[in-house]
Amino acid sequence: MTEHLSPSVLSALADGELSNDQLAGAQRHLADCPTCTADALHQSLLKLATAKAGMRYTPPSTLHSRLTAFKKPAPKRGYWSPGWVVAAALLLVFTGLTLVQQTTRRNEVASIGKNAQVTEIFDQHLATLAGNATPQVLSSDRHTVKPWFQGKLPFSFTLPENLPNDTTLDGANLTYLHDRPVAQLLYSIGKHRVSVFVRERQGAVKGNELTTARSGYQVMEFTKNDLEVFAISDVDGARLAALVDLIRKAQTR
Amino acid sequence: LEVILLCDVEEMKYREIAAVLEIPVGTVMSRIARARAALRRALEGAV
């Protein structure tokens, strides 16, 4: 970005006194600089306020006599005076820049939230692997695992009946993500451990299935009905995707 | 503040103001910028 516009240039912009080249340069700068755009808008609004207040003002006699001697044509009081036009244009630019900034900020916040979520899932899975503790419900029978969550979670989900080859259900834990209770389903694909976190969806429906890679692990997520599901493992992506797909199809409600 | 009066109230161009006040156009520009800055500070202080 070029250097900020000087006060003289900002004033001349509000007064419509810039040459074509100066105006083009100022507009290029304003397109990228919310600070100068806001300053220019203030200048234009100040000019309009001064003009309005000046209607009730009688100039000093010395100035009046100099003005009379100059014989300037009567001022134009048209609705579309340069001040209004510049102010309107600057307001549009300023509003546009503000919207762009807000969108960028929202995206940044969403990105930070997303990273924090993946980090928490990653940490939970690694803690499960490192602790090597017995699952809170130790069973490979989905008809045992699912009912175990009754009364523990404010939602319900369905486990797939048939699993791919080499994939087994090892059990499940009740745990928390972002202070919300979730079901952590534990699977094995070959010798690779998989954690599938199921929680109640919050906010708008996210249509896309997303995959995030981190430190050799893959996190796959989807939303369906009122559920958000995150699966994490270091197994081959296609095999993890096959399990995730079965879990997604099992949520028929 | 007479430059502001001539510019904003009388809607004169910078070269016209320069002719009335018998000063260069560049001086008109800098005086208007300084006057607006002073006006803005005064209004902010009044709020």
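Everything in this summary refers to the structure shown in the same document. This structure is a prediction, so every number in the text was calculated from the model and none was measured. (Residues numbered from 1 in each chain as written. Chains lettered and ligands numbered in written order. Predicted model: local features only at pLDDT ≥ 70, side-chain atom pairs only at ≥ 80, totals over all residues. Heavy atoms only, no water.)

The helix and strand inventory of chain A stands at seven helices and six strands. What you see in chain A, going N to C, is helices and strands ordered as α-α-α-α-α-α-β-β-β-β-β-β-α. Within chain A, counting contacts between residues at least 6 apart in sequence, those at least 24 apart form 62% of the total. Within the structure as shown, chain A displays about 14,500 Å² of accessible surface, and the carbon and sulfur contribution to it stands at 56%. (Helix = DSSP H or I, 4+ residues; strand = E, 2+ residues; numbered from the N terminus. Contact = heavy atoms within 4.5 Å. Areas by Shrake-Rupley, 256 points an atom, 1.4 Å probe, with all protein chains shown as cover.)

Okay, the interface of chain B and chain A next. Between chain B and chain A, the contact holds 24 residues from the first and 24 residues from the second. For the pair chain B and chain A, the two sides together bury roughly 2,400 Å², of which 60% comes from carbon and sulfur. The three residues of chain B that bury the most area against chain A are B:E11, B:R36 and B:R40, which together make up 24% of that side's buried surface. Linking chain B to chain A there are four salt bridges. For B:R36, the salt bridge identified is with A:D15, shortest N-O distance 2.8 Å. Linking chain B with chain A are six residue pairs in polar contact (both at pLDDT 80 or more), by the criterion used here. (Buried area = accessible area lost by both parts, 1.4 Å probe. Salt bridge = Lys/Arg side-chain N within 4 Å of Asp/Glu carboxyl O. Polar contact = N/O pair within 3.5 Å; in protein donor to acceptor, adjacent residues only side chain to side chain.)

Core analysis: the largest hydrophobic core is formed by 26 residues, its most contacted members being A:V145, A:F149, A:F157, A:L185, A:Y187, A:V196 and A:V198. Looking at this core, the elements that each hand over two or more residues are β1 (167-177), β2 (180-189), β3 (192-200), β5 (217-224), β6 (227-233) and α7 (237-250) of chain A. Core analysis: the second largest hydrophobic core is formed by 24 residues, A:A12, A:L30, A:C36 and B:L6 among them. (Core = buried A, V, L, I, M, F, W, Y, C linked by side-chain atoms within 4.5 Å. Buried < 20%, exposed > 50% of the residue type's maximum accessible area, 1.4 Å probe, protein only.)

Under the counting rule described, the total for this entry stands at twelve salt bridges over all chains. Taking the shortest distance from any N to any O, the salt bridge between A:D39 and B:R40 comes out at 3.6 Å. Here the residue A:D39 occupies a position in helix α3 (residues 34-54), and B:R40 occupies one in helix α3 (residues 25-46), the pair thus bridging two chains. Residue B:R40 is classed as partly exposed on the basis of its relative accessible area of 26%. Across the pair A:R201 and A:D226 runs a salt bridge, and its minimum N-O distance is 3.5 Å. Taken together, the positions of A:R201 in the loop between β3 and β4 (210-214) and A:D226 in the loop between β5 and β6 put the pair 25 residues apart, joining distant regions of the chain. Take A:D226: its relative accessible area is 38%, and that puts it in the partly exposed class. A cluster of three or more residues bridged by salt bridges with shared partners is formed by A:D15, A:K47, B:D8 and B:R36.

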